Amino acid sequence: MNMKRMRGRNHRTGGSGGGSVRQQNGQIPLNRNHIFDSNGPDLRIRGTAQQLFEKYLQLGRDASGAGDRVMAEAYFQHAEHYFRILNAMAQAAQQNQQDRQERHVRQRPLAVTDSDEAPEEGGEDAAAEKHRPGSDSELTPVEA
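Residues numbered from 1 in each chain as written. Predicted model: local features only at pLDDT ≥ 70, side-chain atom pairs only at ≥ 80, totals over all residues. Heavy atoms only, no water.

Asker: Would you mind going over the side chain of Thr 48 with me for this structure?
Answerer: Along the chain, Thr 48 falls in the loop between strand 2 (44-47) and helix 1 (49-65). Non-local contacts of Thr 48, meaning those with residues more than four positions away in its chain, are made with Arg 32, Asn 33, His 34, Ile 35 and Phe 36. (Helix = DSSP H or I, 4+ residues; strand = E, 2+ residues; numbered from the N terminus. Contact = heavy atoms within 4.5 Å.)

Asker: Is there a simple way to think about the pairing of strand 1 (residues 36-39) in this case?
Answerer: Each regular strand shows side chains that alternate between the opposite faces of the sheet. Of the two faces of strand 1, only the one carrying Phe 36 and Ser 38 is buried; Asp 37 and Asn 39 on the other face are not. As paired elements, strand 1 and strand 2 share four bridges and run antiparallel to each other. Paired with Asn 39 across the two strands is Arg 44, which belongs to strand 2. (Buried < 20%, exposed > 50% of the residue type's maximum accessible area, 1.4 Å probe, protein only. Pairing = 2+ DSSP bridges.)

Asker: It is not clear to me how the side chain of Ser 38 should be interpreted in this structure. Could you clarify?
Answerer: Of note, Ser 38 is situated in strand 1. Taking relative accessible area as the criterion, Ser 38 reaches 2% and is therefore assigned buried. Among the polar contacts listed, one links the side chain of Ser 38 to the side chain of Tyr 56, at a separation of 2.5 Å. Not counting residues within four places of it along the chain, the set of residues in contact with Ser 38 comprises Leu 43, Arg 44, Ile 45, Leu 52, Tyr 56, His 78 and Tyr 82. (Polar contact = N/O pair within 3.5 Å; in protein donor to acceptor, adjacent residues only side chain to side chain.)

Asker: Just to check I follow, could you spell out the nonpolar core for this structure?
Answerer: A general feature of soluble globular proteins is that nonpolar side chains tend to end up buried together. Residues Phe 36, Ala 49, Leu 52, Tyr 56, Tyr 82 and Ile 85 are the most contacted members of the largest nonpolar core, which totals 15 residues. If you list the elements that add at least two residues to this core, you get helix 1 and helix 2 (69-107). Here this core takes seven residues from helix 2, the largest share from any one element. The residues touching Tyr 56, leaving out its near neighbours within four places in the chain, are Ser 38, Asn 39, Gly 40, Pro 41, Ile 45, Tyr 75, His 78, Ala 79 and Tyr 82. (Core = buried A, V, L, I, M, F, W, Y, C linked by side-chain atoms within 4.5 Å.)

Asker: Please explain the pattern of salt bridges as it appears in this structure.
Answerer: Pairing is possible between side chains that carry opposite charge, provided their charged atoms lie close to one another. By the definition in use, this model includes three salt bridges. One salt bridge connects Arg 44 with Asp 37, and the closest N-O pair in it is separated by 3.7 Å. Residue classification places Arg 44 among the exposed positions, given a relative accessible area of 59%. Accessibility expressed as a relative area gives 41% for Asp 37, which makes it partly exposed. Ionic pairing is found between Arg 84 and Glu 80, a salt bridge with its closest N-O pair at 2.8 Å. Of this pair, Arg 84 and Glu 80 both sit in helix 2, four residues apart, roughly one helical turn. Taking the relative accessible area as the measure of exposure, Glu 80 reaches 39% and is therefore partly exposed. (Salt bridge = Lys/Arg side-chain N within 4 Å of Asp/Glu carboxyl O.)

Asker: Can you walk me through the packing of aromatic side chains in this structure?
Answerer: By the definition in use, this model includes four aromatic pairs. Each ring, one from Phe 53 and one from Phe 83, has its centre 5.5 Å from the other, and the planes form 35°; the classification is tilted. Here the residue Phe 53 occupies a position in helix 1, and Phe 83 occupies one in helix 2, the gap between them amounting to 30 residues. Classification of Phe 83 by relative accessible area gives partly exposed; the value is 38%. One aromatic cluster is present, built from ring pairs that chain together Phe 36, Tyr 56, Tyr 75 and Tyr 82. (Phe/Tyr/Trp six-rings, centres within 6.5 Å; stacked < 30°, edge-to-face > 60°.)

Asker: Teacher, can you tell me more about the environment of Arg 84 here?
Answerer: Residue Arg 84 is classed as exposed on the basis of its relative accessible area, which comes to 55%. Residues Arg 84 and Phe 53, spaced 31 residues apart in sequence, show a C-alpha to C-alpha distance of 9.5 Å.

Asker: Is there a simple way to think about the packing of helix 1 against helix 2 in this case?
Answerer: Helix-helix packing is described using two parameters, namely the angle between the two axes and the distance between the axes. Running from amino to carboxyl end, helix 1 crosses helix 2 at an angle of 160°, the nearest separation of the two axes being 8 Å. The angle between the axes of helix 1 and helix 2 places the two elements in the roughly antiparallel class. As helix 1 packs across helix 2, the resulting crossing turns out to be left-handed. On helix 2, the residues that touch Ala 49, Gln 50, Leu 52, Phe 53, Tyr 56, Leu 57, Leu 59, Gly 60, Arg 61, Ala 63 and Ser 64 of helix 1 are Met 71, Ala 72, Tyr 75, Phe 76, His 78, Ala 79, Tyr 82, Phe 83, Ile 85, Leu 86 and Met 89. Here the contact of helix 1 with helix 2 is composed, by residue class, of 17 nonpolar, four polar and one charged. (Axes fitted to C-alpha atoms, helices over the stretch in contact; angles between N-to-C directions. Parallel < 35°, antiparallel > 145°, perpendicular 65-115°, else oblique. Left-handed = near helix turned anticlockwise from the far one by under 90°. Nonpolar A, V, L, I, M, F, W, Y, C, P; charged D, E, K, R; others polar.)

This is the structure in structure tokens:
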């Protein structure tokens, strides 16, 4: 395939929909910068989950102030939907952080303790000590 012709966003492989990036369970990955297209009760809004939550909350307050309780409830339900998405994102981020911390702890080498540093009797350290110049094993009694 000619790489110069692949200028669009739909050239990714591995997904079922061409350009869609999905997790193994078929859902869109939770990313706080993900842009949503929301079809609200009477308008279409585009933005992040945080932006949509705030917008629908404000629209609900405005409709409630204008006396339209039905439209206010519809806006508040949409706001609740994006609030739940924000909570799911926060939980996923917290779980990822815990997983990273656990992996970091498992990858660190074990700390050396005092018992690990003590040489064993008759081990390699004792053998090396016997052959070192000036050690007690090299001294021979002097006959007078």
